[in-house]
Amino acid sequence: MRSVTKPPHRTVGQPATEMAVDGTACIEGDQYLEQFRDHFTKRFAMYQTLKSNIQRNEGGIEAFSRGYNRFGLHRVEGGVRAVEWAPMAKYLGLIGDFNGWDRGATPFTVDEYGVWTCFVPDRADGTPAIKHMDKIKLAMVTAKEEHVERLPAYARYCVQDPTSPCFPTYESVFWSPPNSYEWKHPKPEKPKTLRIYEAHVGMASEEGKVATYKEFTENILPRIAWLGYNAVQLMAVQEHPYYASFGYHVTSFFACSSRFGTPDDLKELVDTAHGLGLYVVMDIVHSHSAPNVLDGINNFDGTDHCYFHEGARGKHELWDSRLFNYGAWEVLRFLLSNVRWWLEEYRFDGYRFDGVTSVLFTHHGIGVGFSGGYHEYFGPNTDMDACVYLMMANDLAHSFPGTVTVAEDVSGMPTLCRPVAEGGFGFDYRLAMSIPDQWIKMVKEQRDEDWQMGHIVHTLTNRRHNEAVISYAESHDQALVGDKTLAFWLMDKEMYTGMSKLEPESPVVFRGMALHKMIRLLSFSLGGDAYLNFMGNEFGHPEWIDFPREGNNSSYHYARRQWSLSEKEHLRYRDLLNFDRAMMMLDENYQYLSHGHQYVSLKHEGDKMIVYERGQLVFVYNMHPSKSYENYRIGTNWPGTYRIVLDSDAPEFGGHNRHDKDTKFFSTEGLYLERPHSILVYSACRSVVVYAREEDIVGGSA
């Protein structure tokens, strides 16, 4: 055993004088950022210095971010090599099936940076001593003389013992199949904009069980493609012991969740999605780590500061999790290698970075109500090391052509979606998190008559210039037990009794169906540059999500999706599904989300009318509970003859067929509501109709 002192740390250092320090180009588009110019120059200098030091010490970011090729267990010529970083450990040994779990049989040697290495030769007959799927652990003696066991930090596959009690710890297995997965499909071309179907593999079965990657591949991917989405976002990919965490309490960052299947099963899922033309984005959790010790990286080397900040700064009290030290060299290697890993090994097309607000600030957003004042973003509470990490992560991710990155941030941090070269963070999109909050608040707390059209439009369009956002009508969190989906808030118990078309439609169901469609199309077409839907919400999935736990007798009844509801023609769920598909196909045909033109011409509080242009289409909403309007004049930017291309009141969408789809609407020249032309339309209460000029119509009317 060795005597332990804190090892020398490779340091980021001071900005190199020969490097140009800029990072202020992002200020040009926002005059309010000018007073924080020093913040941007400092942040960019730190970023440039880190890149320079990585180049000098590691040979560049590409080599540095391939830590998984060095750390962990690897089959090499003549045996298996194991490498771990445990700077404060006094002893490290490899134990497992191969050596009878003898703690002293296979010791590691250590270098000055706390990197431990050992080699396990093949047997005399040439067969591997450590075989594919053999169980492996690390035997460790800490600085406090504790004899403990750990899983390899870069473990690629971990499994639970099915014979163990509920929620057993995970065990690492050596994943080294005789044949590598053979990829069949090239990656699809990057979409002009994203229509994202957010999904949880385990919940994707109608049966009360944990679904698998293979079942998702066979049953759900074709459904997503048919609906017209062009991307699927997978939750809970990284290994997490607690199923009910939605995948956000990660223990093994390089291992895909084994409860859904094997690494090759996940690769087949991604491959098949690519064959269907779908982008595949994964939730990546670098904002925190599960507090697990036995099967996580917490207290990995016997201290609380191996991968995380020391003491209270390293703990997120609300999430019961550990917080990374983004300024430490090996932590950066670990996280950046993880960014590369999923893009390279599994061919994912991008990431949704979870919990970005917690990363950006030392207060992690706890107890902070962001008002939008810029002093909240560029003051002493900003974690500069973490900011630089996000810049590096985006830089690395975008070295893979076509990669998309999304930030989940509630703070509204400026420059989040500006390029790194300008001094921004480099994300492609941010989630428009205020939009679902608005809808749920309105539905829960206000009468329809009190809805303010101006407030709705402001919330949907209030986004930073030149920073793309992903809009969504409701989040997966709203579906959790204790809350409700939009459909459930709108129709409540009548979702059990009133959704059959064999029975007369009740006023509650009429209202709920109409508002569900209008809210979703408003969010989709006005709320941003891309769109996201959580699986099942497209057809108004009833009830809530409740993962198996002690409080519900470990039941899977509410941790599944009742797909069959949307497949039965006599149920109104099918009508909502048809409308969702029509929404997707409207963008597919007219590409209006990626079009630069957007103009709101009307927000009429008395009439409860909203009218806007997006791309070459005109959207007309009548949100009044009871008033319909004949010969209602709406402005438009273009002269011509208009036709209906989407009508929420059409029979196939569960509507009352109050608009004549064969009617032609002829424009009149003359300024109206600051538009050079106008048309007269009929607008039925609680409906939305989308119009296009005849010469622009693609594939007929919707």
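Residues numbered from 1 in each chain as written. Predicted model: local features only at pLDDT ≥ 70, side-chain atom pairs only at ≥ 80, totals over all residues. Heavy atoms only, no water.

1. Some thoughts on the overall build of the protein
Helices and strands together make up the secondary structure of the protein, namely 13 helices and 30 strands. What you see for the protein is a C-alpha radius of gyration of 27 Å, in line with the 27 Å of a compact globule of 702 residues. In terms of overall dimensions, the protein has a C-alpha envelope of 90 × 60 × 45 Å along the principal axes. Scored against the burial criterion, the 702 residues of the protein give a buried share of 60%. Taking the average location of the 70 positive side-chain charges in the protein and that of its 92 negative ones, the two points are 0 Å from each other. (Helix = DSSP H or I, 4+ residues; strand = E, 2+ residues; numbered from the N terminus. Rg over C-alpha atoms; globule rule 2.2 N^0.38 Å. Buried < 20%, exposed > 50% of the residue type's maximum accessible area, 1.4 Å probe, protein only. Lys, Arg positive; Asp, Glu negative; His and termini not counted. Charge placed at Lys NZ, Arg CZ, Asp CG, Glu CD.)

2. Things to note about the packing of helix α3 (residues 213-227) against helix α13 (residues 572-590)
Put simply, α3 and α13 touch, their axes get as near as 8 Å, and they point 65° apart. Across the interface between the two elements, Arg223, Trp226 and Leu227 from α3 touch Arg574, Leu577, Arg581 and Met584 from α13. (Axes fitted to C-alpha atoms, helices over the stretch in contact; angles between N-to-C directions. Contact = heavy atoms within 4.5 Å.)

3. A word on the sheet that holds strand β4 (residues 109-110)
Ordered in space as β1-β2-β5-β4, the 4 strands form an open sheet in which the pairing is antiparallel. Two strands in the sheet have a free side with no partner beyond their single neighbour: β1 (72-76) and β4. (Pairing = 2+ DSSP bridges.)

4. Examining a nonpolar patch on the surface
Together, Leu318, Trp319 and Ile366 line one region of the surface with nonpolar side chains, adding up to about 280 Å² of accessible area. With respect to the secondary-structure elements, Trp319 resides in the loop between β15 (315-316) and β16 (321-322). (Patch = residues over 30% accessible without salt bridge, like charges linked within 9 Å, V, L, I, M, F, W, Y side chains within 5 Å. Areas by Shrake-Rupley, 256 points an atom, 1.4 Å probe, with all protein chains shown as cover. Salt bridge = Lys/Arg side-chain N within 4 Å of Asp/Glu carboxyl O.)

5. Section: the confidence of the model for the protein
Interpreting fine coordinate detail is not advised for predicted regions of low pLDDT. Per-chain confidence: the protein averages 94 in pLDDT, with 95% of residues scoring 70 or above. Segment residues 2-20: pLDDT under 50, and 43 contacts once partners within four positions in sequence are set aside and those in other chains are kept. (pLDDT = per-residue confidence, 0-100.)

6. Side note on the sheet that holds strand β22 (residues 598-604)
Here we have 6 strands laid out as an open sheet, ordered β22-β23-β24-β30-β26-β27, and antiparallel in their pairing. In this open sheet, the two edge strands, each paired with only one partner strand, are β22 and β27 (665-666). As paired strands, strand β26 (residues 641-647) and strand β30 (residues 687-693) are joined by 5 bridges and run antiparallel to one another. The residue bridging Ile644 from the neighbouring strand is Tyr691, located in β30. In the packing of helix α9 (residues 453-461) onto the sheet, the strands contacted are β22 and β23 (609-614), and the crossing angle to β22 comes to about 160°.

7. Structural notes on the packing of aromatic side chains
Applying the stated rule across the entire model yields 53 aromatic pairs. When the ring of Tyr629 is compared with that of Tyr632, the centres are 5.2 Å apart and the planes differ by 45°; the resulting orientation is tilted. Directly above the aromatic system of Phe425 lies the positively charged group of Arg43, at a separation of 4.2 Å from the ring centroid. Looking at Lys267, its charged tip hangs above the ring of Tyr346, at a distance of 5.4 Å from the centre. (Phe/Tyr/Trp six-rings, centres within 6.5 Å; stacked < 30°, edge-to-face > 60°. Lys NZ or Arg CZ within 6 Å of the ring centre and 35° of its normal.)

8. Focus: the pattern of salt bridges
Throughout the structure, instances matching the rule amount to 46 salt bridges. Taking the shortest distance from any N to any O, the salt bridge between Arg195 and Asp587 comes out at 2.8 Å. With a gap of 392 residues between them, Arg195 in strand β10 (residues 195-200) and Asp587 in helix α13 connect regions that are remote in the sequence. No difference in accessibility class separates Arg195 from Asp587, as the two residues are buried. The shortest N-O distance in the salt bridge between Arg352 and Glu408 comes to 3.2 Å. Within this pair, whereas Arg352 is found in strand β17 (residues 350-353), its partner Glu408 is found in the loop between β18 (404-407) and β19 (429-431), the two being separated by 56 residues in sequence.

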